[in-house]
Amino acid sequence: MRVLLVGAGGVGTAITRIAARRPFFEAMVVADYDRDRATAAVAALAGDARFSAERVDAGHEDAVAALLAGHRCDVLLNATDPRFVMPLFQAARTAGATYVDMAMSLSHPHPGRPYEECGVKLGDAQFARAAEWERDGALALVGMGVEPGLSDVFARYAADELFDDIGEIGVRDGANLTVEGFDFAPSFSIWTTIEECLNPPVVYEADRGWFTTEPFSEPEVFDFPEGIGPVECVNVEHEEVLLVPRWVDARRVTFKYGLGQEFIDTLKTLHRLGLDRTTPVTVPSAHGPVPVSPRDVVAACLPDPATLGGRMRGKTCAGTWVRGAKDGAPREVYLYHVVDNQWSMAEYGSQAVVWQTAVNPVVALELLAAGVWSGAGVLGPEAFPARPFLDLLTAYGSPWAMREQ
């Protein structure tokens, strides 16, 4: 397997550090708009000759396709912001490569009823091309991070091995992470954080289909394992709600994130000021008027999440809460994966949130390389058998767990 990894930020760099310990691939080309970032990611791997660095504009489909062809890569792994999903997705198809991402094509709210009806949903642009990928025998594995990704694998596992009937699948994410020295320092890309937190959240119900609610709706307190404890979680737009019902039979699917009131208030303030917008505004500069995206300004003012590991303390938990029945009796479980920042920094030099995201696409690539996972079309993690993934994740030294509720 020859891989083109596009994006050498926090997650992309963690991917290289995890993959370097595995023998399943022949080459990994690390490409970024900032060549120095790609070079630094490769330089940290102690001379592993399988890795090389390139510069590429992720929004330039032809350039990415040429890079795939030039390095004879048969897989494109997208570790960029969701705004680059479609050009990378299309570049992989042009080059005849398998495509893997961790977040799907962007949504657009319903123009008249944004908090009741879906407009363009996450992944719609990719699923619109599914027939073409399937016809050509090509695979796009979408949403293969931690959430979406591992959370979807948990949903598949629950359906296959733990339940006869599922009433609700609810992804619940919480942490007790703190970042010393910062009042507001998101542990993941602020661009992505704003996108998923301020868009109308989507809920799925079997008798209604997909519908939306207001941001941060339906608060509930969820008790997270391994010392994290109770965290208030709220509805947030996320891919699992759009992916799980396509392959898993459940009467309701939700996603709730433990954000905290201060975090929510900050995001609401950004929205009120228009600083969440991506459409450029014109601002004065020493060289004359310059168009600038307000959201990019916010991102530039905040610390790079990849640099926060040394100041971060605590654990992050990603998991899937499933309620239903087995052998005629009610059952309720929470399938989860916890990463301690102290461990991930000591073991890999990557902070917990980006490491937890990064490990899952590497596991998926290894399953694809071995032929354990295979398929054609635009497929989510739920479309594949869960047990091989969970076993291999444990073999990577990062076990998952299950709690009976």
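Located above this text is the structure these notes cover.
Because the structure is a prediction, the values reported are computed rather than measured.

Time to look at the packing of helix 7 (residues 150–162) against helix 9 (residues 239–247). Where helix 7 meets helix 9, the closest approach of the two axes is 10 Å, and the angle between their N-to-C directions is 30 degrees. With respect to each other, helix 7 and helix 9 are oriented roughly parallel. Remark: the crossing between helix 7 and helix 9 carries right-handed chirality. Seen from helix 7, the contacting residues are Ser-151, Asp-152, Ala-155 and Arg-156; seen from helix 9, they are Glu-240, Leu-243, Val-244 and Trp-247.

Where burial is concerned, most of helix 7 is hidden: 10 out of the 13 residues are buried. Looking only at helix 7, the buried set comprises Leu-150, Ser-151, Asp-152, Val-153, Phe-154, Ala-155, Arg-156, Tyr-157, Ala-158 and Leu-162.

Pairing is parallel across the open sheet formed by seven strands, whose spatial order is 3-2-1-4-5-6-19. In this open sheet, the two strands that pair with only one neighbour each are strand 3 (51–55) and strand 19 (377–379). The mean inter-strand angle of the sheet, taken between neighbouring strand axes irrespective of direction, is 20 degrees. For strand 6 (residues 139–141) and strand 19, the ladder comprises three bridges, and the chain directions are parallel. In the sheet register, Leu-141 faces strand 19, and the bridge partner there is Leu-379.

With that out of the way, let us pick up the packing of aromatic side chains. Under the counting rule described, the total for this entry stands at 20 aromatic pairs. Both rings, one in Tyr-334 and one in Tyr-336, keep their centres 5.6 Å apart while their planes meet at 15 degrees; by these two values the pair is stacked. When sorted by exposure, Tyr-334 lands in the same class as Tyr-336, which is buried. The ring of Trp-133 carries the charged tip of Arg-93 above its face, separated from the ring centre by 5.1 Å. Taking the ring centre of Phe-211 as reference, the NZ or CZ of Arg-208 above it sits at 3.6 Å.

The next point concerns the pairing of strand 2 (residues 27–32). With six of six residues buried, strand 2 is to be regarded as a mostly interior element. Both strand 1 (residues 2–6) and strand 2 contribute to a ladder of five bridges, which runs parallel. Paired with Val-3 across the two strands is Met-28, which belongs to strand 2. For the crossover from strand 1 across helix 1 (residues 10–19) to strand 2, the handedness is right-handed. Relative to strand 3, strand 2 is paired through five bridges, and the arrangement is parallel. Pairing of Val-29 across the sheet is with Ser-52, part of strand 3. Read as a crossover between parallel neighbours, the route from strand 2 over helix 2 (residues 35–43) to strand 3 is right-handed.

What counts as what
Residues numbered from 1 in each chain as written. Predicted model: local features only at pLDDT ≥ 70, side-chain atom pairs only at ≥ 80, totals over all residues. Heavy atoms only, no water. Axes fitted to C-alpha atoms, helices over the stretch in contact; angles between N-to-C directions. Helix = DSSP H or I, 4+ residues; strand = E, 2+ residues; numbered from the N terminus. Parallel < 35°, antiparallel > 145°, perpendicular 65-115°, else oblique. Left-handed = near helix turned anticlockwise from the far one by under 90°. Contact = heavy atoms within 4.5 Å. Buried < 20%, exposed > 50% of the residue type's maximum accessible area, 1.4 Å probe, protein only. Pairing = 2+ DSSP bridges. Phe/Tyr/Trp six-rings, centres within 6.5 Å; stacked < 30°, edge-to-face > 60°. Lys NZ or Arg CZ within 6 Å of the ring centre and 35° of its normal. Right-handed = clockwise from strand over helix to strand, strands pointing away.

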